[in-house]
Amino acid sequence: DVEYKLRNKINDMKSRKIKSRFTSPENLFLWMRNNMTYSDFTTLKSADDVFKIKSGSCHDQVILEYSELSKMGLNPKAEFLIEYKPGSTIGGMTHSFVHYKKGNKIYWFEHAMGGQEGIHQFDSINDIKAEITRLHIIGKIGNYKAFPKLKWCSFIPEDHIPGETIGELVNITLSNSKRMK
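For every chain, the first residue of its written sequence is number 1, and the numbers climb from 1 along that sequence. Totals for whole chains, interfaces and linings use every residue, but because this is a predicted model, local features are given only for residues with pLDDT of at least 70 and side-chain atom pairs only at 80 or more, for both listing and counting. Side-chain metrics rest on all non-hydrogen atoms present in the structure, leaving aside hydrogens and water.

Undergrad: Even after reading the chapter, I still don't get the side chain of Glu-79, so can you show me in this structure?
TA: One can find Glu-79 in strand E3 (residues 77-84). Pairing of N or O atoms within 3.5 Å defines a polar contact, subject to two protein rules: one partner must be a possible hydrogen donor and the other a possible acceptor, and residues neighboring in sequence count only if both atoms are side-chain atoms. A polar contact of 3.0 Å, which involves the side chain of Glu-79, links it to the side chain of His-99. Contacts were defined at the residue level, with two residues in contact if any of their heavy atoms lie within 4.5 Å. When neighbours within four sequence positions are excluded, Glu-79 is seen to be in contact with His-95, Ser-96, Phe-97, His-99, Ile-125, Lys-129, Cys-153, Ser-154 and Phe-155. Helical segments are the DSSP runs of H or I of at least four residues, strand segments are the runs of E of at least two, and each set is numbered from the N terminus.

Undergrad: Mind showing me how you'd approach the packing of aromatic side chains here?
TA: Ring pairs (aromatic) are described by centroid distance and by the angle formed between their planes. Centres within 6.5 Å make a pair out of two Phe, Tyr or Trp rings, where for Trp the six-membered ring is used; the pair is then stacked when the planes are under 30 degrees apart, edge-to-face when over 60, and tilted otherwise. Going through the model one piece at a time under the given rule, you end up with eight aromatic pairs. Centre to centre, the rings of Phe-22 and Trp-31 are 5.6 Å apart; their planes meet at 50°, and the pair counts as tilted. On the numbers, 6.2 Å between centres and 70° between planes, the contact of Phe-22 with Phe-51 is edge-to-face. Taken together, the residues Phe-22 in the loop between helix H1 (2-15) and helix H2 (25-35) and Phe-51 in helix H3 (residues 47-53) connect sequence positions 29 residues apart. Think of it in three bands: with a 1.4 Å probe and only protein chains considered, a residue is buried below 20% of the maximum accessible area for its type, exposed above 50%, and partly exposed in between. Phe-51 gets classed as partly exposed once you look at its relative accessible area, which sits at 24%. Charge over a ring is defined by NZ of Lys or CZ of Arg lying within 6 Å of the ring centre and within 35 degrees of the ring normal. Lying over the aromatic face of Phe-51, Arg-21 brings its terminal NZ or CZ to 3.9 Å of the ring centre.

Undergrad: Got a minute to help me understand the sheet that holds strand E5 (residues 105-110) in this structure?
TA: Strand pairing in a sheet relies on backbone hydrogen bonds. The paired strands run either parallel or antiparallel. Pairing between two strands requires that DSSP report at least two bridges joining them. Strand order in the open sheet formed by five strands is E6-E5-E4-E3-E7, with antiparallel pairing between adjacent strands. This sheet does not close on itself; its edge strands, each paired only once, are strand E6 (118-122) and strand E7 (149-154). Across the sheet, the axes of successive neighbouring strands diverge by a mean angle of 30°, strand direction being ignored. Where E3 meets strand E4 (residues 91-102), seven bridges bridge the pair, whose relative direction is antiparallel. Throughout, an axis means a line fitted to C-alpha atoms (over the contacting stretch in the case of helices), and angles, computed between N-to-C directions, take values from 0 to 180 degrees.

Undergrad: Can you help me understand a nonpolar patch on the surface in this one?
TA: Patch construction takes residues with relative accessible area above 30% that form no salt bridge. Like charges are linked within 9 Å, and nonpolar side chains (Val, Leu, Ile, Met, Phe, Trp, Tyr) are linked within 5 Å. Areas reported here follow the Shrake-Rupley algorithm with a probe of radius 1.4 Å; residue values treat only the protein chains shown as occluding. Take a side-chain nitrogen of Lys or Arg and a carboxyl oxygen of Asp or Glu: if they are within 4 Å of each other, that pair is a salt bridge. Taken together, the side chains of Ile-137, Ile-138 and Tyr-144 present a nonpolar region at the surface, about 270 Å² in accessible area. Structurally, the position occupied by Ile-137 is in helix H5 (residues 125-137). Looking at Ile-137, the relative accessible area reads 45%, which means it is partly exposed.

Functional significance is not addressed by these values, which are geometric in nature.
Put into structure tokens, the structure is as follows:
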């Protein structure tokens, strides 16, 4: 089955310790800033496809960022958020981003969220979430008036395969998050 083959390929690539195309997170970000464009989500792309076409949604870009930062030995983590209104079954904007720890600091690596591009230093993941929540409340991201709450969960790239729709990506991410708790 296709999903089985893709997961095996991902695991095989991870076990071979393939070197990153980039020498540092800063080098990766600079390449993305100079070469990558944001595109609306259609279906999830592989890291290689995002690199080749130099375009992708935040979720696609996270797949590339996570892959390259992993190859640098940084042990990145990825987070997912979705706006929602209590009592409503309709969600708003979704976003994924990568962070990694270096020393006693955590770094938010962001290329896809307009106005927040960069590598931002924080003391904890909760501080990053507080900053994104603040940006949401003041209207810099998303639609706070229609969707005043943010649901956070881990985004695990290994759980996803190229070709997923946004609905599949959201459902897999949220259900795997519930399973982890």
